[in-house]
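Examination of the molecular architecture
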Amino acid sequence: MANWYVNPSAGSDTNPGTEAGPFATTGKAIMEASPGDTIFLAKGYKYPSLHVDGKDGTAGSPYTWDAYGIGTDPIISAFVDPSGSWSDQGGNIWAYQNASLDQVNILATSGANQPIGRWPKRPVAEYYTIDSASGNTSITDNTNLSGAPNFVGGELVSKKRKWTIDRSPITGQTSSTLTVTGSDVSYKAGNGYFVQNHINCLAEQGDWCYDAATDTVYFYSTSDPNALDTAISFDEHALHVDGSDYHAFHNLIFEGGWGHNIYLEYSHNVNFTSCVSRLAGMNGLQTYVAENASWVDSYMYDVNNNGINNRDASEGLTVIGSNFFRIAAIPGMGQGGSNQQNGIHINNTEHNALIDGNFFFQVGNCGVYYRGNNCYVGHNYAEKCGLTVSDAAAFYSFGNFSSPYTNIICEYNIAFDCIGNIDGIGGTPQYDTCGFYTDDNCQNVTVRFNYAEKCGYCYYIHNNQNVSYHNNIGIDGGKILYISDDNVQGVGNTLRVRNISVQDNIFKALTGQKLIAARTLGDFSGDDPFLYGAIDNNQLDAVDANPFNVHLTNNYDTDFNLADWRSTYGFDAASTTDPYDPEGSVYFANDTDQPKSFSLDGIYEDWDQVEYSTGEVILNPNSSILLFRVSDFPGPGYPIGYVRGIRFVETP
């Protein structure tokens with residue numbers, strides 16, 4: 001097992017590849033390395049995109065990639081540096097032309113993800129309103145498009161649905177109508193739109209667009225950008241592992257791919273520890289037929305679409321102790337359609353996933369989108385999910401009607417301040433983002449020992465069967481628990497709500513909020529909520545006198561007090577109305593690489609009622625704990641000792 005060293009400044013590919021005589025390129029190191037070898041990259045340098053093709057290690061002898069020396073971790077960069085090549089076009093517009101450009105999905109200034117130029121500008125409006133639409137091919141805005149610049153060749157961005165932001169190329173424009181290359185969903189009058197990626201959208205410092213027809217990037221700057229720190233996505237991937245099993249990457253930074261920063265293709269058992277994926281045009285990490293990938297104690301930020309997109313026969317994903325922030329945080333920069341713009345997205349048949357002990361902050365759609373057999377989601381913290389759409393969740397699962405998943409567990413997670421973004425939604429929009437959401441056809445899911453606060457809905461059960469929600473806490477949400485059975489008459493491949501269990505939870509609703517809301521639609525006998533299952537033994541604390549709501553087929557809403565809720569539907573017969581005080585808990589997070597001690601001002605217990613009575617708790621590196629005062633158990637609350645977003649104060 002040999003060690004190989006690469007230093008692009010002091011090395012030469014005619015050297016022996018030792019620390020004293022390093023290679024200059026990673027390509028030479030790959031060519032020389034054998035299974036069990038380690039390739040060390042010198043710190044403090046950038047390296048071009050890395051392609052590993054047909055280099056299989058084994059379980060006992062993997063290929064290992066690591067850093068050596070002094071300085072910042074090695075950067076594997078798919079960016080091109082345009083410095084010295086910007087040409088002045090007049091009017092503060094500058095052009096960079098490169099015939100080798102394929103796509104440009106990201107442009108960074110001084111290491112920051114720069115939003116693509118758009119019209120209208122903020123704060124004029126986040127979105128203009130669609131007056132009318134013709135299917136999925138055109139929109140009309142009689143107020144704002146009349147007299148607007150020509151945007152043909154740019155992109156139309158619209159919230160066609162509450163949970164998606166779609167992008168379509170603009171192919172034609174009249175006085176008040178934009179025509180586009182249609183996607184699968186029709187535009188909706190009353191919803192919002194904006195235009196981007198056109199030179200006529202450039203009017204503020206940092207605005208940019210890409211003209212694929214001329215391979216040109218245009219940049220708005222009041223000073224010469226040749227003197228600025230700019231970077232443009234050039235290669236599709238910073239790292240492409242193709243047909244190469246058993247590789248381990250440590251202490252490396254990947255950036256700048258116009259596609260996926262890291263792409264694992266037909267490559268199994270590829271692991272990342274203490275790595276960074278940042279500034280990705282699409283996904284931070286994408287799998288394709290890549291089993292047992294792992295992302296551990298690592299960072300992912302400023303990614304335009306999904307942080308991790310796990311799909312296509314890629315079972316066994318493991319994500320532990322990692323930080324995801326500013327994921328799909330810029331409207332219009334992510335990919336259109338469903339299943340996009342999530343912190344982690346697990347596709348339909350990617351079973352045996354483990355998502356444990358991670359932090360998610362400022363995510364456009366869902367923090368964790370999980371599904372598949374034997375899927376575990378635990379000990380994660382998510383804040384400000386649904387940053388750009390209104391119908392999302394911190395923790396979201398979707399079922400499979402024909403082949404139900406088994407053994408899905410979501411436990412010991414915290415969702416805070418996830419309400420959603422209603423900009424661009426017509427009518428009377430609602431803040432629909434949830435803390436915990438089991439969507440259509442979920443079965444065999446257990447949601448337990450979780451905490452949700454300040455969410456649109458703290459917990460949402462939608463067209464589920466055989467799911468269990470117990471020992472959770474929900475406080476301060478528009479609806480603390482929302483149950484929706486809206487598959488009219490059971491038609492199609494969608495389940496009715498049946499055999500659910502909602503027990504031993506603590507729900508606290510403030511003024512104007514509902515403890516439990518139930519919606520059932522159907523034109524037949526038996527559409528009332530009493531067929532849902534068991535809802536009982538909960539601790540219910542509400543300010544309003546009628547904190548229960550039922551909406552039935554004929555579109556009427558009825559509010560109930562607890563006595564009527566019990567007598568009408570038989571729910572919560574043994575539930576209590578004890579007040580819930582959320583001030584009896586503390587939360588500690590150790591984001592260092594050493595054990596750390598935290599002081600306690602009394603006797604505390606964890607969720608499992610393990611007692612901490614010595615006046616301190618010692619946490620292992622990259623771990624966290626939620627503790628409750630013994631006198632208050634089992635009434636935990638938001639971790640008042642925890643500084644929200646503490647893991648995101650500084651980026652690596």
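This paragraph deals with the overall build of the chain. From N to C terminus, the chain includes 2 helices and 63 strands. In terms of overall dimensions, the chain is globule-like: its C-alpha atoms have a radius of gyration of 26 Å, near the 26 Å expected for 652 residues. Expressed along its principal axes, the backbone C-alpha trace of the chain runs to roughly 85 × 70 × 45 Å. The buried share of the chain, taken over its 652 residues, is 59%. Here the analysis covers contacts within the chain between residues at least 6 apart in sequence; of these, 65% occur between residues at least 24 apart. Within the structure as shown, the chain displays about 23,700 Å² of accessible surface, and the carbon and sulfur contribution to it stands at 46%. Of the side chains in the chain, 31 bear a positive and 72 a negative charge, and the two mean positions are spaced by 4 Å.

Successive residues of a regular strand alternate their side chains across the two faces of the sheet. Neither face of strand β42 (residues 408–411) is open: one carries I408 and C410, the other I409 and E411, and all of them are buried. Taken together, the 4 bridges between strand β39 (residues 375–378) and β42 define a ladder with parallel strand orientation. Looking at β42, one finds that V377 is bridged to C410. Two strands pair when backbone bridges link them, and β42 and strand β45 (residues 443–448) are joined in this way by 4 bridges, in the parallel orientation. The partner of C410 across the bridge, within β45, is V447.

So, about the environment of Y47. Looking at the secondary structure, you find Y47 in strand β3 (residues 46–48). Classification of Y47 by relative accessible area gives buried; the value is 3%. Apart from residues no more than four positions distant in its own chain, Y47 is found in contact with V6, N7, P8, T26, L41, A42, P74, I75, I76 and S77. Engagement of the side chain of Y47 in a polar contact is seen with the backbone oxygen of V6, the distance being 3.4 Å.

Before going further, it helps to examine the pattern of salt bridges. All chains considered together, the criterion is met by 18 salt bridges. Its salt-bridge partner being K121, residue D207 comes within 2.4 Å of it at the nearest N-O pair. Of this pair, D207 sits in the loop between β19 (192–196) and β20 (208–211) while K121 sits in the loop between β12 (118–119) and β13 (128–129), and the two are 86 residues apart along the sequence. For D207, a relative accessible area of 7% translates into the label buried. Classification of K121 by relative accessible area gives buried; the value is 15%. Where E411 meets R448, a salt bridge forms, and the shortest distance between an N and an O atom there is 2.6 Å. Placement of the pair is E411 in strand β42 and R448 in strand β45, with a sequence separation of 37 residues. Judged by its relative accessible area of 8%, E411 falls in the buried class. Taken together, the shared-partner salt bridges in this structure form one network comprising K46, E255 and R278.

Buried within helix α2 (residues 562–569) are the following residues: L562, W565 and Y569. Along the axis of α2, the buried positions cluster into a sector of 70°, meaning they face one direction only. Opposite the packed face of α2, turned more than 90 degrees from it, sit the exposed residues A563 and S567. If you follow the buried residues of α2, they end up packed against β53 (514–520), β55 (539–542), β56 (548–551) and β57 (557–560). Among the residues of α2, the N-terminal cap falls to N561, whose side-chain oxygen and the backbone nitrogen of A563 are separated by 3.2 Å. Just downstream of α2 lies G570, where phi reads positive at about 80°.

Once that is clear, we can look at the side chain of D66. Here D66 shows up in strand β5 (residues 63–68). Despite its burial, D66 remains without a salt bridge, the nearest opposite charge being carried by K43 at 7.3 Å. Here N251 takes part through its side chain, which lies 2.9 Å from a polar atom of the side chain of D66.

Once that is clear, we can look at the sheet that holds strand β10 (residues 107–109). Read from one edge to the other, the open sheet built from 4 strands follows the order β7-β22-β10-β11, with strand pairing classed as antiparallel. The strands lining the two open edges of the sheet, one partner per strand, are β7 (79–80) and β11 (112–113). Here 3 bridges tie β10 to strand β22 (residues 230–233), and the two strands are oriented antiparallel to one another. Among the inter-strand pairings, A108 is bridged to a residue of β22, identified as A231.

The biggest cluster of nonpolar side chains holds 94 residues, and the ones touching the most others in it are F249, F254, F272, W295, Y370 and F395. At 4 residues, strand β2 (residues 38–42) tops the list of elements feeding residues into this core. Here F272 is in contact with L239, F249, F254, I262, L264, L285, S294, W295, V296 and S298, once residues within four sequence places are set aside.

Okay, the confidence of the model for the chain next. On average, the chain scores 91 in pLDDT, and the residues at 70 or more come to 92%. Taken as a whole, residues 632–652 scores under 50 in pLDDT and shows 68 contacts with residues more than four places along the chain or in a different chain.

Now for unusual backbone geometry. With omega at 5°, the peptide bond leading from W119 into P120 counts as cis. With respect to the element layout, P120 can be found in the loop between β12 and β13. For N444, which is not glycine, the phi dihedral falls at a positive 60°. Here N444 lies in strand β45. Since its relative accessible area comes to 31%, N444 is described here as partly exposed.

Another aspect to go through is the sheet that holds strand β8 (residues 87–90). Ordered by their spatial adjacency, 4 strands build an open sheet running β8-β9-β21-β20, and the pairing between neighbours is antiparallel. The two strands at the open ends of the sheet, each matched to only one other strand, are β8 and β20. On average, each strand axis in the sheet is tilted by 30° relative to the strand beside it, whichever way the strands run. Inspection of the sheet shows β20 paired to strand β21 (residues 216–220) by 4 bridges, in the antiparallel sense. Note on β21: the bridge partner recorded for Y210 is V217.

The subject of this paragraph is the packing of aromatic side chains. Two numbers describe a pair of aromatic rings. These are the distance of the centres and the angle of the planes. Inspection of every chain in the model, using the stated rule, returns 36 aromatic pairs. For the ring pair F395 and F436, a centre distance of 5.0 Å and an interplane angle of 10° mean the geometry is stacked. Separated by 41 residues along the polypeptide, F395 in strand β41 (residues 393–397) and F436 in strand β44 (residues 434–438) bring together distant segments of the chain. Pair check on accessibility: F395 and F436 agree, each one buried. Grouped by ring-pair contacts, the aromatic residues Y369, Y396, Y437, Y457, Y460 and Y482 constitute a single cluster. Residue placement shows K160 over the ring face of Y187; its charged tip is 4.2 Å from the ring centre. For the cation-ring pair, K479 lies above Y482, with the distance from its terminal atom to the ring centre recorded as 5.0 Å.

About the thresholds
Residues numbered from 1 in each chain as written. Predicted model: local features only at pLDDT ≥ 70, side-chain atom pairs only at ≥ 80, totals over all residues. Heavy atoms only, no water. Helix = DSSP H or I, 4+ residues; strand = E, 2+ residues; numbered from the N terminus. Rg over C-alpha atoms; globule rule 2.2 N^0.38 Å. Buried < 20%, exposed > 50% of the residue type's maximum accessible area, 1.4 Å probe, protein only. Contact = heavy atoms within 4.5 Å. Areas by Shrake-Rupley, 256 points an atom, 1.4 Å probe, with all protein chains shown as cover. Lys, Arg positive; Asp, Glu negative; His and termini not counted. Charge placed at Lys NZ, Arg CZ, Asp CG, Glu CD. Pairing = 2+ DSSP bridges. Polar contact = N/O pair within 3.5 Å; in protein donor to acceptor, adjacent residues only side chain to side chain. Salt bridge = Lys/Arg side-chain N within 4 Å of Asp/Glu carboxyl O. Arc of directions from axis to C-beta. Core = buried A, V, L, I, M, F, W, Y, C linked by side-chain atoms within 4.5 Å. pLDDT = per-residue confidence, 0-100. Axes fitted to C-alpha atoms, helices over the stretch in contact; angles between N-to-C directions. Phe/Tyr/Trp six-rings, centres within 6.5 Å; stacked < 30°, edge-to-face > 60°. Lys NZ or Arg CZ within 6 Å of the ring centre and 35° of its normal.

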